[in-house]
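# A structural walkthrough
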There are 6 protein chains.
Amino acid sequence: MPTITVDGPKIQDIELKRQLVKKLTEVAVEVYRIEHIVVLIRENAPENVGVNGQLIADRPKK
Amino acid sequence: MPTITVDGPKIQDIELKRQLVKKLTEVAVEVYRIEHIVVLIRENAPENVGVNGQLIADRPKK
Amino acid sequence: MPTITVDGPKIQDIELKRQLVKKLTEVAVEVYRIEHIVVLIRENAPENVGVNGQLIADRPKK
Amino acid sequence: MPTITVDGPKIQDIELKRQLVKKLTEVAVEVYRIEHIVVLIRENAPENVGVNGQLIADRPKK
Amino acid sequence: MPTITVDGPKIQDIELKRQLVKKLTEVAVEVYRIEHIVVLIRENAPENVGVNGQLIADRPKK
Amino acid sequence: MPTITVDGPKIQDIELKRQLVKKLTEVAVEVYRIEHIVVLIRENAPENVGVNGQLIADRPKK
């Protein structure tokens, strides 16, 4: 503890995951003054997330 | 916010996911009077869910 | 299972919670064809929720 | 309810999952004196978990 | 990690919480062979939990 | 989405919550390149958190 859980879309590049974990941890250490931080990255498929009643998978491609 | 997370078994048909997201969102908008609703569907394998001490995967087939 | 978790602001009126639970459950039964549904309502204080980097508690009153 | 969610690494052997569910349920029944217990096992890839700012996937192999 | 989250009703007696944490941890250490286990106890008010469409708060007293 | 949930001890000072939300959001925007970020801060009482089998509430005061 503290534990930070991030629910977002898939992150293709492991280097981005590395940065996400590193930087979220730095913020948490700074605020909580506790060293032991766990970060869980949850990757959600676009057909498993709805925003305002619509699946992300059904959004028009830009 | 609000965010609705649904933990259930796998949903094979994307049309059912579409309906799930649409209808859960309608209920939430009605109760909270807030437009921005996120729904997360989590699909759990039968070997990762236990009910009353038994894995769903070990239940006798009907 | 399935379990539906709703993270939103405080709901003052228990009658609204009653409706929220009843209607979310109806939607889930319809989609999953499973009777046993659990709903958890989580009420979050405005100083514990941030949207786009700002606490809800800090939003200008309308 | 109660619902127990376990976030950990992948469990290869279904027999271990069986034991995990059975024993966690026994503990919960004993403490809560409620029979209906749901256990959700979440398996997290080593590149999706950070401890103290470092991905589990990046830890030196022992 | 692993992290065990328990969503249940209020536990009045801290001694029961002590036992819950101790025993859930023992089970997790045995299965995962990892020492560092975090347990989060979430206590839910009866008006914030619905089972099969009905609030726990509305159940007839036994 | 993305949604960041932080489970930690109580944060007394709202200014620290402000910073936590602001900085976690900045990190998430940078990594996901998505503007809409929700942060949920969950404050856990020391008698509801166990680390390595022991309640935080039972730790010897330093």
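Residues numbered from 1 in each chain as written. Chains lettered and ligands numbered in written order. Predicted model: local features only at pLDDT ≥ 70, side-chain atom pairs only at ≥ 80, totals over all residues. Heavy atoms only, no water.

### Thoughts on helix 1 (residues 14-32) of chain B
Residue and element names in this part refer to chain B.
- With 19 residues, helix 1 ought to run about 27 Å at 1.5 Å a step, and its terminal C-alpha atoms sit 27 Å apart, in line with that.
- Listed in full, the buried residues belonging to helix 1 are Lys 17, Leu 20, Val 21, Leu 24, Thr 25, Val 27, Ala 28, Val 31 and Tyr 32. The buried side chains of helix 1 occupy one side of the element, clustering within an arc of 165° when seen end-on.
- You can read the cap of helix 1 off the contacts: a side-chain oxygen lies 2.9 Å from the backbone nitrogen of Glu 15, and it is on Asp 13.
- Taken from the residues just after helix 1, Arg 33 is the one with a positive phi, measuring 55°. (Helix = DSSP H or I, 4+ residues; strand = E, 2+ residues; numbered from the N terminus. Expected span 1.5 Å × (residues − 1). Buried < 20%, exposed > 50% of the residue type's maximum accessible area, 1.4 Å probe, protein only. Arc of directions from axis to C-beta. Polar contact = N/O pair within 3.5 Å; in protein donor to acceptor, adjacent residues only side chain to side chain.)

### Looking at the packing of helix 1 of chain B against helix 1 (residues 14-32) of chain C
- For the pair helix 1 of chain B and helix 1 of chain C, the least separation of the axes is 10 Å and the interaxial angle reads 170°. Considering their axes alone, helix 1 of chain B and helix 1 of chain C lie roughly antiparallel with respect to each other. On helix 1 of chain C, the residues that touch Leu 16, Leu 20, Lys 23, Leu 24, Val 27, Glu 30, Val 31 and Tyr 32 of chain B of helix 1 of chain B are Leu 16, Leu 20, Lys 23, Leu 24, Val 27, Glu 30, Val 31 and Tyr 32 of chain C.
- In the contact of helix 1 of chain B with helix 1 of chain C, the residues fall into twelve nonpolar, no polar and four charged. (Axes fitted to C-alpha atoms, helices over the stretch in contact; angles between N-to-C directions. Parallel < 35°, antiparallel > 145°, perpendicular 65-115°, else oblique. Contact = heavy atoms within 4.5 Å. Nonpolar A, V, L, I, M, F, W, Y, C, P; charged D, E, K, R; others polar.)

### So, the relation of the copies chain F and chain A
- The operation relating chain F to chain A is a screw motion whose rotation component is 180°, with 0.0 Å of axial translation and a residual RMSD of 0.0 Å. Such values leave the two copies arranged in the relation of a two-fold axis. The rotation axis passes nearest to the C-alpha of Thr 5 of chain F in chain F, at a distance of 2.5 Å.
- A share of 100% of the interface residues of chain F reappears at the interface of chain A, consistent with the copies meeting face to face through the same patch. (Least-squares fit on C-alpha atoms with pLDDT ≥ 70 in both.)

### Notes on the environment of Leu 16 of chain C
- Tracing the backbone through its elements, the reader meets Leu 16 of chain C in helix 1.
- In this structure, the C-alpha to C-alpha distance between Leu 16 of chain C and Arg 59 of chain C, residues 43 residues apart in sequence, is 25 Å.
- Residues within four places of Leu 16 of chain C in sequence aside, it is in contact with Val 31 of chain B together with Ile 11 of chain C.

### Side note on the environment of Ile 14 of chain C
- With respect to the helices and strands, Ile 14 of chain C occurs in helix 1.
- Accessibility expressed as a relative area gives 26% for Ile 14 of chain C, which makes it partly exposed.
- Setting aside residues no more than four positions away along its own chain, Ile 14 of chain C makes contact with Glu 47 and Leu 55 of chain E.

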